[in-house]
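Examination of the molecular architecture
Here are the chains, one letter per residue:
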Amino acid sequence: MAPRNIIIDTDPGQDDAVAILLALASPEKVHVLGITAVAGNVPLDLTQKNARIICELAQKTDVPVFAGAKRPLERTLVTAEHVHGKTGLDGPTLPAPEMPLQDQHAVDFIIETLRTEPAGTVTLCPLGPLTNIAAAFNKAPDIIERVQEVVLMGGAYFEVGNITPTAEFNIYVDPEAAEIVLKSGANITMMPLDVTHKALVTKERNDRFRALGTPVGIAVAEMTDFFERFDREKYGSDGAPLHDPTVIAYLINPKLFTGRYVNVEVETKSDLTLGMTVADWWRVSDRDPNAMFIGDLDADGFFDLLTERLGRL
Ligand code: RIB
Ligand code: CA
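Residues numbered from 1 in each chain as written. Chains lettered and ligands numbered in written order. Predicted model: local features only at pLDDT ≥ 70, side-chain atom pairs only at ≥ 80, totals over all residues. Heavy atoms only, no water.

**Let's talk about the overall build of the chain**
Looking only at helices and strands, the chain features 12 helices and 12 strands. The C-alpha atoms of the chain give 18 Å as radius of gyration, which agrees with the globular expectation for 313 residues (20 Å, within 12%). For the chain, the residues scored as buried account for 61% of the 313 residues in total. Across the chain, the fraction of contacts at a sequence separation of at least 24, relative to all contacts at a separation of at least 6, is 82%. Carbon and sulfur atoms provide 51% of the accessible area of the chain, an area that totals close to 12,200 Å². (Helix = DSSP H or I, 4+ residues; strand = E, 2+ residues; numbered from the N terminus. Rg over C-alpha atoms; globule rule 2.2 N^0.38 Å. Buried < 20%, exposed > 50% of the residue type's maximum accessible area, 1.4 Å probe, protein only. Contact = heavy atoms within 4.5 Å. Areas by Shrake-Rupley, 256 points an atom, 1.4 Å probe, with all protein chains shown as cover.)

Take a look at the structure:
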């Protein structure tokens, strides 16, 4: 079976970095047409730089990297240096990138790719705020029906929020963009905190990354050593939740995951619950289902896959 054509839209971010590495290590499953950076964990000048740093770490400098939105559609940018550090990739010491940033704007790359590739053959993988995706859908509504699937990391229901009491960071940063994507009619699969908080990098799992003994394995171990502080302090977690790699793992082996096709909507008005994703998990409303909302994974299977693939780089 031919690999899936994907565009990774991302705000690296240590967990974004691991997702990008997993994708670049799995060419028989996913073909990365391009990486589009968005402001999120850290400002755009850093997320586009970090995306290129990770491509160079993977020695895959032929993957084009594009810069997109500097800020949400309507709101001021909220960043997460308290989680990811000032650079967004704190932990390992990685060299500044030499590969070029593409001149084309990320939104135009998304539009052009969806218009030129055969309909239904490109999957969008947003790993940060949905600003670039929503901007592309607004600018070129014709591309929406051409999208094979949007597999995104974002939202929460039973797990509630990580940036506010009710909202997950990616959705909270740009709730208007999330609403546009969720109401677009595109084929959507969501990886919310409900599943990503079950993908914890325990010490044993991180030791397996380090034991790879490669620059990639060691860098990933150092990233998660840094990245886990926030969740350990806040939740008492037994390690860092690897949010974004669940998106790529789903494309490689969907059998690792379970969920329900339900209605998911987002709060864009209330200050109290701004960015909250309301998943009708028990189907008590008459709102039409619009997303596959993933609630669980085979964590050991996920880490076995991730470790094996990182070992390829
Ligand atoms: O809430 C977790 C999400 O926000 C992840 O994608 C992380 O990288 C940040 O973007
Ligand atoms: Ca991210």
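Moving on from the coordinates now.
**What about a nonpolar patch on the surface?**
Where nonpolar side chains cluster on the molecular surface, the patch consists of F158, W282 and V284 and spans about 400 Å² of accessible area. Examined against the element boundaries, W282 turns out to sit in the loop between β11 (277-279) and β12 (291-297). The class of W282 is exposed, set by a relative accessible area of 57%. (Patch = residues over 30% accessible without salt bridge, like charges linked within 9 Å, V, L, I, M, F, W, Y side chains within 5 Å. Salt bridge = Lys/Arg side-chain N within 4 Å of Asp/Glu carboxyl O.)

**Let's talk about the coordination of the calcium ion (ligand 2)**
As a benchmark, a tetrahedral metal site with four donors has ideal angles of 109.5 degrees, while an octahedral site with six donors has ideal angles of 90 or 180 degrees. Distances from the calcium ion (ligand 2) to its protein donors, D11 (OD), D16 (OD), D16 (OD), L127 (O) and D244 (OD), fall within 2.2 to 2.6 Å. Along the chain, the residues that donate to the calcium ion (ligand 2) are spaced as D-x4-D-x110-L-x116-D. One end of the pair, D11, is in the loop between β1 (4-10) and α1 (14-24); the other, L127, is in the loop between β4 (122-126) and α5 (131-139), and 116 residues separate them in sequence. (Donors = N, O, S within 2.8 Å, 3.2 Å for Na, K, Ca; no water.)

**Let's talk about the environment of R146**
Within the fold, R146 resides in the loop between α5 and β5 (147-153). Sequence separation between R146 and T123 is 23 residues, and the spatial gap between their C-alpha atoms is 9.5 Å.

**Digging into the site of ligand 1**
In the vicinity of ligand 1 there are 13 residues, among which D15, N162, E168, N170 and D244 approach most closely. D11 is positioned such that a nitrogen or oxygen atom in its side chain is 3.0 Å from an oxygen atom of ligand 1. Between ligand 1 and N162, the relevant distance is 2.8 Å, taken from an oxygen atom to a side-chain nitrogen or oxygen of the residue. Computed on the free molecule, ligand 1 has an accessible area of 270 Å², of which 97% lies beneath the protein chains in the complex. (Near = heavy atom within 4 Å. Polar contact = N/O pair within 3.5 Å; in protein donor to acceptor, adjacent residues only side chain to side chain.)

**Brief notes about the layout of surface pockets**
Taken as a whole, the largest pocket encloses approximately 190 Å³ of empty space. Residue lining of the largest pocket: A23, L24, P27, V30, H31, V32, L33, K60, D62, V63 and P64, and that is the complete set. Breaking the lining of the largest pocket down by element, the ones donating at least two residues are α1 and β2 (30-37). Ranked by residue count, the leading element in the lining of the largest pocket is β2, at 4 residues. Residue composition of the lining of the largest pocket, by class: 8 nonpolar, 1 polar and 2 charged. (1 Å grid on protein atoms, 1.4 Å probe; cavity = no way out; pocket = protein on both sides within 12 Å on 5 of 7 lines; lining within 4 Å. Points joined across faces, edges and corners; volume = space filled by probe spheres on them. Nonpolar A, V, L, I, M, F, W, Y, C, P; charged D, E, K, R; others polar.)

By themselves these figures say nothing about function.
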